[in-house]
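An overview of the molecular structure
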Amino acid sequence: MAEEVVVVIREYNPKTDDERVEQVESSCEVGPNGELSLFTDLLGDPICRVRNSPAYLMLVAEMVNKGGDGKEEKKEIVGMIRGCIKTVTCGTKFSRTKFGDSHKQLPVFTKLAYILGLRVSPFRRRMGIGLKLVHRMEEWFGNNGAEYSYIATDDANEPSVSLFTGKCGYTKFRNPSVLVHPVFAHRLTVSNRVTIVKLTPPDAEKLYRGCFSTTEFFPRDIDSVLNNHLNLGTFLALPKGYIWAGSDKFLSDPPENWAVMSVWNCNDVFKLEVKGASKLRKGFAKTTRVLDRAFPFLRLPSLPKVFSPFGLHMLYGLGGSGPLYTRYAKFLFGFAHNLAKECKCGVIATELSSEDPLKLAIPHWKVLSFTDLWCIKRLGEDYSDGSVGDWRKSQPGLSIFVDPREF
Ligand SMILES: CC(C)(COP(=O)(O)OP(=O)(O)OC[C@H]1O[C@@H](n2cnc3c(N)ncnc32)[C@H](O)[C@@H]1OP(=O)(O)O)[C@@H](O)C(=O)NCCC(=O)NCCS
């Protein structure tokens with residue numbers, strides 16, 4: 001009997017698959033394969049990037065090599081995929097009074113699935129394994145009532161873009177910007193023209209539901225995000241002297257200017273590493289850090305340690321109001337930088353809609369930042385358009401709510 005090779009897609013088993021999955025993960029670059037490539041280390045927990053979502057699944061692709069006599073000879077994990085499902089805002093509608101006139105904007109929710117961490121071993125590519133993994137994940141999404149599925153990838157990642165927009169039927173949807181800033185060895189000064197208050201999770205939830213629930217991608221379970229152990233806090237910048245008396249009072253009578261921001265600790269979940277840099281480049285980065293550490297009062301902008309594993313804090317839920325709110329957000333950014341320095345992060349990052357006015361205010365380094373491409377697919381054609389219509393055809397809003405659990 002001739003030798004037979006089959007690829008089996010099955011659920012990831014933490015007891016038996018950990019090590020083999022990690023081997024594939026560490027052999028896969030993420031993003032375009034140029035001179036420098038970005039690699040992730042999931043710190044021994046391959047499911048870490050989805051486990052904080054309300055429903056999640058990880059699948060592996062196993063290549064089973066059956067010998068000539070029909071006996072199983074060798075099993076090799078050659079790929080994996082993670083997916084999660086949650087309910088988010090996909091549009092808005094007006095509430096109506098009993099006289100029929102429109103009143104206030106309300107969110108329209110949809111059940112949204114997200115694909116992330118798709119990897120196929122570099123030695124097993126172009127054999128249809130990636131496609132198989134996506135199809136099986138979408139099957140699970142459909143069985144669990146998801147109406148749309150989306151993925152985020154680098155626009156320049158040709159294999160990924162071509163797989164999703166070609167054979168998988170996704171369409172290009174949004175182009176948010178990932179803004180990245182190094183964490184310096186010196187602290188940034190935070191203006192004393194504002195008061196920064198740390199909110200309790202219930203206060204933060206009220207504020208976010210009150211001001212952001214109509215923002216695209218706002219998660220309906222924002223309370224579980226804010227109560228998660230990885231959430232380091234929600235911070236509000238207020239005019240100096242403002243006395244914080246809780247979210248109810250704040251929402252009924254907000255000050256003219258304010259800004260809000262939350263911080264998520266990715267540092268304990270995964271590490272990143274840029275590989276492929278020349279010795280010269282690494283030496284230059286190291287020198288800037290040594291100088292910054294030795295002379296912090298000079299406030300030298302040093303390069304982060306990206307050529308060895310580094311962690312990050314993600315800033316999410318950024319927003320505010322008033323003519324000075326972008327300036328207030330910048331003050332919050334300085335505060336977040338100093339927190340990230342205490343936690344020994346390499347960088348801080350945030351992701352904002354391409355239309356968001358905050359894009360110009362939030363400090364970032366162009367060389368570290370990039371544009372993300374989000375692609376979307378409607379999973380069930382029998383799904384009624386409801387009051388929002390086909391989400392895929394909607395125009396982007398001024399902002400999006402990027403869920404830190406999926407960053
Ligand atoms: C993206 C990735 C998962 C694709 O896996 P794969 O098993 O090689 O993909 P498949 O063989 O199923 O390809 C299916 C289709 O996708 C497209 N595709 C896949 N790789 C491609 C490439 N290198 N260039 C152009 N198109 C490509 C093709 O249309 C292909 O069909 P074809 O082979 O009949 O032409 C793999 O390249 C990978 O692991 N990359 C590194 C990690 C990564 O970038 N992940 C995506 C992040 S969202």
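Residues numbered from 1 in each chain as written. Predicted model: local features only at pLDDT ≥ 70, side-chain atom pairs only at ≥ 80, totals over all residues.

**Digging into the overall build of the protein chain**
The number of helices and strands found in the protein chain is nine helices and 15 strands. Radius of gyration (C-alpha) of the protein chain: 23 Å, near the 22 Å computed for a compact globule of 407 residues. For the protein chain, the spread of C-alpha atoms along the three principal axes comes to 80 × 70 × 35 Å. Within the protein chain, the fraction of its 407 residues that count as buried is 35%. (Helix = DSSP H or I, 4+ residues; strand = E, 2+ residues; numbered from the N terminus. Rg over C-alpha atoms; globule rule 2.2 N^0.38 Å. Buried ≥ 20, exposed ≤ 12 C-beta atoms within 10 Å, placed from the backbone.)

**Focus: the domain arrangement of the protein chain**
Entries for the protein chain in the domain assignment read domain 1 (4-175) and domain 2 (178-372 + 398-406). Computed from C-alpha coordinates alone, the two centres of domain 1 and domain 2 are separated by 27 Å. Residue-level contacts link 30 residues of domain 1 with 28 residues of domain 2. With six residues, strand β4 (residues 72-96) is the single largest residue contributor to the side of domain 1 that touches domain 2. Here the residues of the side of domain 1 that touches domain 2 are counted per class, giving 14 nonpolar, nine polar and seven charged. (Domains from an automatic or database assignment. Contact = placed C-beta atoms within 7 Å. Nonpolar A, V, L, I, M, F, W, Y, C, P; charged D, E, K, R; others polar.)

**Observations regarding the site of the ligand**
Around the ligand, the surrounding shell holds 23 residues, and the nearest of these are Arg125, Gly130, Leu131, Pro159 and Leu163. At the level of elements, β5 (102-120), α2 (129-143), β6 (148-154) and α3 (158-167) are the ones that each hand at least two residues to the shell around the ligand. Considering every element that reaches the shell around the ligand, the biggest residue donor is α3, with seven residues. Along the lines of polarity and charge, the residues of the shell around the ligand split into ten nonpolar, seven polar and six charged. (Near = placed C-beta within 6 Å.)

**Structural notes on the pairing of strand β8 (residues 177-182)**
Pairing of β8 with strand β14 (residues 347-352) involves six bridges; the strand directions are antiparallel. Within β14, the residue paired with valine 178 across the bridge is glutamate 351. As defined by bridge partners, β8 adjoins strand β15 (residues 370-378) across two bridges and the pair is classed as antiparallel. Across the sheet, serine 177 pairs through a bridge with threonine 371, a residue of β15. (Pairing = 2+ DSSP bridges.)

**Quick look at helix α4 (residues 201-212)**
One turn of the α-helix equals 3.6 residues, which is why residues spaced by three or four share an orientation. Look at α4: 15 Å from first C-alpha to last across twelve residues, which is about the 16 Å you get at 1.5 Å a residue. Along α4, the residues that are buried comprise Ala204, Leu207 and Tyr208. End-on view of α4: buried residues confined to an arc of 95 degrees, all on one side of the axis. Looking at the packing, one finds that the buried side of α4 touches β9 (194-199), α5 (222-226), β10 (231-239), α6 (247-252), β11 (258-265) and β13 (312-321). (Expected span 1.5 Å × (residues − 1). Arc of directions from axis to C-beta.)

**Overview of the nonpolar core**
One finds Ala237, Ala259, Met261, Tyr328, Ala329, Leu332 and Ile348 to be the most contacted residues of the largest nonpolar core, which totals 89 residues. Counting contributing residues, this core receives three or more from each of domain 1 (4-175) and domain 2 (178-372 + 398-406). The residues contacting alanine 259, other than those within four sequence positions of it, are Ala237, Gly320, Tyr325, Tyr328, Ala329 and Leu332. (Core = buried A, V, L, I, M, F, W, Y, C linked by C-beta atoms within 7 Å.)

**Here's the deal with unusual backbone geometry**
Unlike most non-glycine residues, arginine 126 shows phi in positive territory, near 60 degrees. You can see arginine 126 is positioned in the loop between β5 and α2. Unlike most non-glycine residues, phenylalanine 217 shows phi in positive territory, near 75 degrees. Mapped onto the fold, phenylalanine 217 is located in the loop between α4 and α5. With 22 C-beta atoms packed within 10 Å, phenylalanine 217 lands in the buried category.

**Concerning the environment of asparagine 65**
By the secondary structure assignment, asparagine 65 is in strand β3 (residues 55-66). Take asparagine 65: there are 13 C-beta atoms within 10 Å of it, and that puts it in the partly exposed class. Through-space distance from the C-alpha of asparagine 65 to that of glutamate 76 is 8.4 Å; in sequence the pair is eleven residues apart.

**Focus: the confidence of the model for the protein chain**
Here the protein chain shows a mean pLDDT of 89. Residues at 70 or above account for 92%. Across the protein chain, the element-wise mean pLDDT spans from 73 in strand β2 (residues 37-41) up to 98 in α2. (pLDDT = per-residue confidence, 0-100.)

**Let's talk about the environment of aspartate 292**
Tracing the chain through its elements places aspartate 292 in helix α7 (residues 279-294). Exposure remark for aspartate 292: the 19 C-beta atoms within 10 Å place this residue in the partly exposed category. Excluding its chain neighbours within four sequence positions, the residues that come into contact with aspartate 292 are Phe184, Ala185, His186, Leu300 and Ser302.

**Points about the environment of lysine 206**
Secondary-structure assignment places lysine 206 in helix α4. Residues lysine 206 and isoleucine 222, spaced 16 residues apart in sequence, show a C-alpha to C-alpha distance of 9.8 Å. Those residues in contact with lysine 206 that sit more than four places away from it in its chain are Ser247, Asp248 and Leu251.

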